[in-house]
Amino acid sequence: MLVSNRNRLDRELDVLIDKCGRQRTALMPILQAVQRKYGFIRNFAMQKIADALSIHPVEVHGVVTFYSFLSEKPRGRFIIRLCRTISCEMAGKDRVAAQLETELGIKFGETTVDKRFTLEWANCMGLCDQGPAMLVNDTHYTRVTPQRVLEILEECRSRLSPHAMQGAEEEHLV
Amino acid sequence: MTDNPKDIKSSDRAPKAQRGQVVQKPDGVDAIGAKITVNIDGQDIKVPMGTTILEAARKFGIRIPTLCHHDDLCVAGVCRVCVVEIEGQRALQASCAYPITSPLKIKTHTPQVRRARRHIIDLLLSKHYGECYTCFRNNNCELQSLAKEYGVDFFRFGHPEKPMYEKDNSSYAVVRDMNKCVLCRRCVRTCIDLQEVGVLEAAHRSSDTRIETFLDKPLSDVVCINCGQCINRCPTGALTANDPTDEVWAAIDDPTKHVTIQTAPSPRAGIGECFGLEPGTPMTFEMNTALRRCGFDKVFDTNFTADLTIIEEGTELLLRLYKALVEKDETVALPQFTSCSPGWVKFMEHFYPEMLPNMSSAKSPQQMFGALIKTFYAEQQGIDPSNIVSVALMPCSAKKFECNRPEMTDSGFKDVDYGLTTREMAKMISEAGIHLPDMPKSDFDAPFGTATGSGVIFGATGGVMEAALRSVIELVCGVRAEDLFEHANIIPVRGFEGTRLVELPIENVGPVPDVFKKLVPNWDWLKGATLKVGVCHGTANAKKVLDDIKNGGEFSKCHFIEFMACPGGCLGGGGQPIPTTPEIRAARAEAIYAEDRSYGVRKSHENPVIWELYEKFLTDGPCGHISHKLLHTQYTARGKYI
Amino acid sequence: MSTELTFSQVDPYAGLKAAAGIGRADILATMKTANIRGRGGAGFPVSVKWNLAAAAVGPEKFIVCNADEGEPGTFKDRLVLSEHADLVFDGMTIAAIAAGAQKGILYLRGEYVYMLNDLETVLARRREDGMLGQNSAGRIGFDFDVEIRLGSGAYVCGEETALIESLEGHRGEPRNRPPFPVDTGYLGRPTVVNNVETLAWAACILARGAEWFNRIGTEQSAGPKLLSISGDCENPGVYEFPLGVSITEVLKVVGAEDAKAVQIGGASGQCVPAGNFERKIAFEDVATGGSIIVFGPGRDMLDVARNFMEFFVDESCGQCTPCREGNEKLLEGIEMLAAGTCSMKYLRELCSLGKTMQVASKCGLGQSSPNAFLSIVEHFPDEILGRAEGTVA
């Protein structure tokens with residue numbers, strides 16, 4: 001990690017910790033904010049957060065690995081979560097999954113080389129009446145068909161302005 | 001004298017065994033203190049409100065099997081082996097976690113309960129890889145005992161044929177084999193709650209759950225202090241000490257090698273347990289014979305260097321006090337911290353590096369011994385030090401790390417070659433076909449066989465302080481320790497409270513003994529002063545004391561504080577026999593104090609061989625140049641970020 | 001079944017204003033008369049919970065709204081939160097008056113993060129309207145506010161003690177009970193944890209009166225209930241039915257009369273085969289937190305069981321042995337059944353294990369995770385036995 005990036009992260013964490021507080025109850029909000037901004041929680045951040053909250057880094061590690069939406073490893077700019085639970089399965093999630101894998105050239109659980117997309121399974125996300133359901137970051141898509149997969153991916157790509165992407169890639173490459 | 005200063009409160013996370021002895025006032029008859037009657041297996045039992053079902057059953061001799069429960073640790077209720085049936089409740093309840101607050105009718109071994117226990121054991125076995133024969137814990141394994149007790153006759157849900165995880169051998173002290181882990185989380189509760197070191201925690205979830213270090217790094221790369229308390233509490237062989245017995249045997253079997261062994265006081269008080277004896281049966285002299293029969297060329301007493309530590313560390317303290325009080329040197333770090341416990345030393349290096357100047361620079365007795373054996377002893381006996389293999393029998397897993405510290409080579413060689421735990425020594429003794437209790441008694445070898453009662457009590461929490469006080473009283477005050485404390489037993493520093501604070505007013509001073517004459521002109525500057533000392537065991541308590549010092553609390557006014565990494569001191573060390581409970585530790589402490597009482601000479605400064613050593617070898621006296629080279633060390637600020 | 005949900009007919013603030021006027025004792029009495037039981041699935045009487053919290057001693061108390069609906073097939077809380085959030089916050093504030101709490105927390109599952117902004121807007125408006133903050137709802141000295149906290153993708157956090165652990169910044173692992181949250185909850189303080197729907201109904205009860213609520217439903221299961229219906233039916237969605245409605249009636253309304261089985265209560269609920277469709281959806285018969293999944297004639301029940309078991313193998317918190325290891329064994333059993341390699345003897349062993357899990361697991365998740373497996377084995381032995389490799393895709 002570049003020193004300049006590390007210092008920036010350090011400052012951002014200071015702000016975040018001041019905002020959320022230094023009690024253990026602040027742990028989840030802090031981790032969620034870091035996850036949202038960087039797509040993952042790096043080991044330096046975990047240690048820094050632990051230090052600020054007067055807990056052990058290994059406890060933060062325990063928490064991060066417990067929750068499926070938190071990650072210690074870099075994930076893509078767009079995390080695509082396809083629901084695999086019963087109603088969505090009955091509504092045809094397998095074909096959507098196959099199409100996603102084909103379009104992106106990765107399997108579930110993987111991230112594209114350009115760090116743009118990550119494919120993940122999700123358990124029931126409460127959209128069972130409109131399955132197959134899918135979350136792309138915080139946006140939900142319902143009644144997804146294999147045909148719509150490409151559209152959704154294009155929509156994501158179009159949201160990446162060259163500038164926005166530059167910053168993000170720099171972040172992930174360090 | 002004050003005990004348990006009020007401003008240092010035990011955290012509620014700390015286990016019962018380490019909590020301060022504060023009795024809460026009952027809010028009313030219905031609350032704490034009220035008794036309640038429960039019926040367990042048809043027997044009416046009256047217990048205080050809030051007692052767990054397990055405690056109640058045990059008190060009345062009803063056995064409920066357990067696995068994740070441990071007397072030293074907070075309740076987990078995760079293994080579910082101890083489930084019982086409560087009338088009127090659909091689900092079974094974990095007896096270790098269920099506080100009795102109303103009259104209950106409990107059954108501990110109904111068909112449903114037995115089926116559940118059998119299933120749980122079967123499920124654990126379906127994930128427990130490893131053959132019992134090849135396991136260090138064979139015959140002392142709680143999972144094995146449970147399987148036997150519940151008649152496991154086949155692996156109902158299968159049994160792993162291949163290991164799933166690589167063994168972590170990276171640490172000099174602790175070996176982790178997650179293939180044998182049953183996820184009872186005792187190690188987690190030990191590491192996070194009991195010791196507050198925070199190396200091990202459950203990570204991931206569901207069937208992926210496993211006990212991990214930060215980012216699953218090898219143990220040698222994280223903030224582990226090697227205290228080995230997790231080993232003592234692991235029910236299976238998932239956590240063991242890094243065992244060098246093969247290397248030690250090889251040295252013994254090599255005729256060109258001169259193999260010496262030094263033995264610490266605590267193993268003698270504990271090793272009997274490995275041979276079926278009651279805890280607290282001292283085996284000092286039987287063990288000397290056994291060690292010789294195993295093939296060790298010389299059997300020495302670490303207590304000798306414990307006495308030497310008192311002289312060196314005590315001198316260092318007096319010098320610091322002189323500099324601070326007389327020379328008004330504000331850079332002197334006080335209070336001075338003891339440095340005999342290698343777990344504690346590494347704890348400081350990781351978590352309080354800014355306070356390392358407070359650490360006494362004196363090496364631990366083990367390392368002082370090592371440095372002397374390959375210099376003074378080798379010279380005296382005319383043995384080439386490169387042919388000496390120096391082994392240390394310790395109650396400790398951190399001693400293994402300590403003897404491998406790169407700086408511990410002041411003799412020009414590795415000062416101590418191998419550290420053995422009590423458990424490993426018991427194994428070697430058995431391997432030699434010896435049943436320890438049957439051995440005739442024999443004494444230690446000269447020249448390091450002479451020690452005092454003060455050296456012996458190093459094994460118990462408060463022991464170093466008591467030994468130091470005995471000598472300070474006599475060397476400074478010019479009175480006999482017996483004049484101030486009956487039989488020189490300084491009771492206020494003894495006990496198992498997590499932290500103790502003792503004040504000793506110095507009313508009069510005596511003449512300066514010859515050896516100190518070149519260090520201080522007189523003791524007048526100490527006249528009328530009050531020596532304040534603290535004692536603390538378990539790193540969770542150490543943390544409280546250190547934070548108190550940082551905040552300018554009671555302990556910041558101390559002059560000298562004894563710290564031991566392990567609960568109970570060395571007698572509860574990570575190399576001691578398994579299991580460990582508050583009762584077992586108390587029994588071992590009793591054995592240690594009994595040995596102290598049996599000594600004719602009970603004060604370190606009265607050990608004649610010590611003065612002989614200063615005369616012949618460490619010729620410029622305590623804290624002189626030679627002793628500084630051989631008997632003192634420096635520390636590494638490691639920090640907690642990795 | 002009403003065409004319009006009751007929640008659409010009750011005005012925001014109405015229930016809270018009524019409650020603010022009558023005070024703690026009368027709120028508790030009203031809830032008792034209404035005889036409402038928790039809508040999250042367990043069906044614990046709300047008045048008992050609130051009474052316990054009101055009686056508990058603590059320097060502060062908390063009202064937690066459990067919006068972590070993760071049970072497969074449940075989405076009614078999503079609808080309530082997105083369209084009737086005011087009723088939920090009314091309910092929380094009413095509960096706070098009843099229990100004497102100063103702070104509310106809405107624990108929103110991470111999957112519903114897209115609702116966060118709207119919910120914050122509602123909260124801001126309520127503060128402006130004096131329904132939150134200093135002297136909330138016009139009650140002098142009653143300073144109540146609500147904070148929204150997010151989950152991060154863990155089904156088990158729907159269990160109230162796991163939810164509290166998560167709020168406190170820990171792994172979402174359920175606690176030993178007792179002590180219960182009403183005594184020792186968030187930060188060790190007395191805490192009421194109620195489901196989204198429960199709180200919304202509480203607001204309706206205060207607005208419309210206990211008698212109105214109590215007249216609907218059965219003696220042991222009073223009131224209307226929202227059901228989230230999905231699967232093989234023509235009109236999936238959220239419906240309001242009086243408790244005690246038969247499965248047949250429900251299936252008729254959603255257009256699934258040809259169903260061969262219905263999963264009631266989600267993955268942790270039970271599978272009811274067509275022969276038992278006269279059974280009633282009520283706490284005394286087939287209980288549900290709201291999830292109804294319909295299986296049409298062509299569904300392979302072993303696939304269904306596999307999906308449920310995969311869910312639990314993924315979502316168990318992993319602390320207690322029966323649930324952590326047991327679910328895995330049951331899933332392995334399903335794979336064996338699919339491959340035709342599971343002997344009857346082993347299947348019985350697995351069913352016996354399932355029964356152990358139902359009684360020996362630490363929390364409700366572990367205790368209910370074998371339900372789907374057991375009921376499918378019980379009701380569809382023909383479908384799952386005697387398969388050969390490859391019959392199941």
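Quantities reported herein were computed from a predicted structural model and do not represent experimental measurements. (Residues numbered from 1 in each chain as written. Chains lettered and ligands numbered in written order. Predicted model: local features only at pLDDT ≥ 70, side-chain atom pairs only at ≥ 80, totals over all residues.)

**A short note on the packing of helix 4 (residues 46-55) of chain C against helix 6 (residues 85-99) of chain C**
How two helices pack is summed up by the angle between their axes together with the distance between the axes.
Residues and elements named next belong to chain C.
At step 1: At a minimum axis separation of 8 Å, helix 4 and helix 6 run at an interaxial angle of 50°. Relative to helix 6, the element helix 4 lies oblique. Of the residues in helix 6, those in contact with Trp 50, Ala 53 and Ala 54 of helix 4 are Ala 95, Ala 98 and Ala 99.
At step 2: Of the residues that constitute the contact of helix 4 with helix 6, the class distribution is 6 nonpolar, no polar and no charged. (Axes fitted to C-alpha atoms, helices over the stretch in contact; angles between N-to-C directions. Helix = DSSP H or I, 4+ residues; strand = E, 2+ residues; numbered from the N terminus. Parallel < 35°, antiparallel > 145°, perpendicular 65-115°, else oblique. Contact = placed C-beta atoms within 7 Å. Nonpolar A, V, L, I, M, F, W, Y, C, P; charged D, E, K, R; others polar.)

**So, the domain arrangement of chain B**
All names here are of chain B.
At step 1: Domain parsing of chain B yields domain 1 (34-121) and domain 2 (127-241).
At step 2: Just the C-alpha atoms count here: the centres of domain 1 and domain 2 sit 26 Å apart.
At step 3: In this complex, domain 1 contributes 14 residues to the contact, which on the side of domain 2 involves 16 residues.
At step 4: Along the lines of polarity and charge, the residues of the side of domain 1 that touches domain 2 split into 10 nonpolar, 1 polar and 3 charged. (Domains from an automatic or database assignment.)

**Description of the sheet that holds strand 13 (residues 388-394) of chain B**
Residue and element names in this part refer to chain B.
At step 1: Spatial strand order, 11-10-13-14: 4 strands in an open sheet with parallel pairing. Single-partner strands in this sheet number two, and they are strand 11 (298-301) and strand 14 (418-421). Going from strand to strand, the sheet's axes swing by 25° on average, the running direction of each strand aside.
At step 2: Judged from the 6 bridges that link them, strand 10 (residues 258-263) and strand 13 form a sheet pairing that is parallel. Across the sheet, residue Thr 260 finds its bridge partner in strand 13, namely Ser 390.
At step 3: With respect to the sheet, helix 6 (residues 245-253) is in contact with strand 10, strand 13 and strand 14, its orientation differing from that of strand 14 by roughly 120°. (Pairing = 2+ DSSP bridges.)

**Details of the interface of chain C and chain B**
At step 1: Each partner contributes residues to the interface: chain C has 26 residues there, and chain B has 27 residues.
At step 2: The set of elements that each furnish at least two residues to the side of chain C that touches chain B consists of helix 12 (301-315), helix 13 (321-339) and helix 14 (344-360) of chain C.
At step 3: In terms of residue count, the dominant contributor to the side of chain C that touches chain B is helix 13 of chain C (7 residues).
At step 4: In terms of residue class, the side of chain C that touches chain B is built from 8 nonpolar, 9 polar and 9 charged.

**Some details on the environment of Ala 54 of chain C**
Residues and elements named next belong to chain C.
At step 1: Here Ala 54 is to be found in helix 4.
At step 2: Sequence separation of Ala 54 and Gly 185 is 131 residues, and the distance between their C-alpha atoms is 14 Å.
At step 3: Discounting residues that sit within four places of it in the chain, Ala 54 has contacts with Arg 24, Leu 28, Ala 98, Ala 99 and Gly 100.

**Comments concerning unusual backbone geometry**
At step 1: Residues Gly 131 of chain A and Pro 132 of chain A are joined by a peptide bond in cis, for which omega reads -5°.
At step 2: Inspection of the secondary structure puts Pro 132 of chain A in the loop between strand 2 (117-122) and strand 3 (134-136).
At step 3: Omega for the peptide link from Pro 178 of chain C to Pro 179 of chain C comes to 0°, which places this bond in the cis form.
At step 4: Tracing the sequence through the fold places Pro 179 of chain C in the loop between helix 8 (160-167) and strand 4 (191-195).
At step 5: At Arg 80 of chain B, a position not held by glycine, the phi torsion is positive, near 70°.
At step 6: Within the secondary structure, Arg 80 of chain B is located in the loop between helix 1 (53-59) and strand 3 (83-86).
At step 7: On the basis of neighbour counts, which here come to 30 C-beta atoms within 10 Å, the residue Arg 80 of chain B falls in the buried class.
At step 8: The phi dihedral of Leu 215 of chain B is positive, around 55°, even though this residue is not glycine.
At step 9: For Leu 215 of chain B, the position within the fold is in the loop between strand 8 (210-212) and helix 5 (229-233). (Buried ≥ 20, exposed ≤ 12 C-beta atoms within 10 Å, placed from the backbone.)

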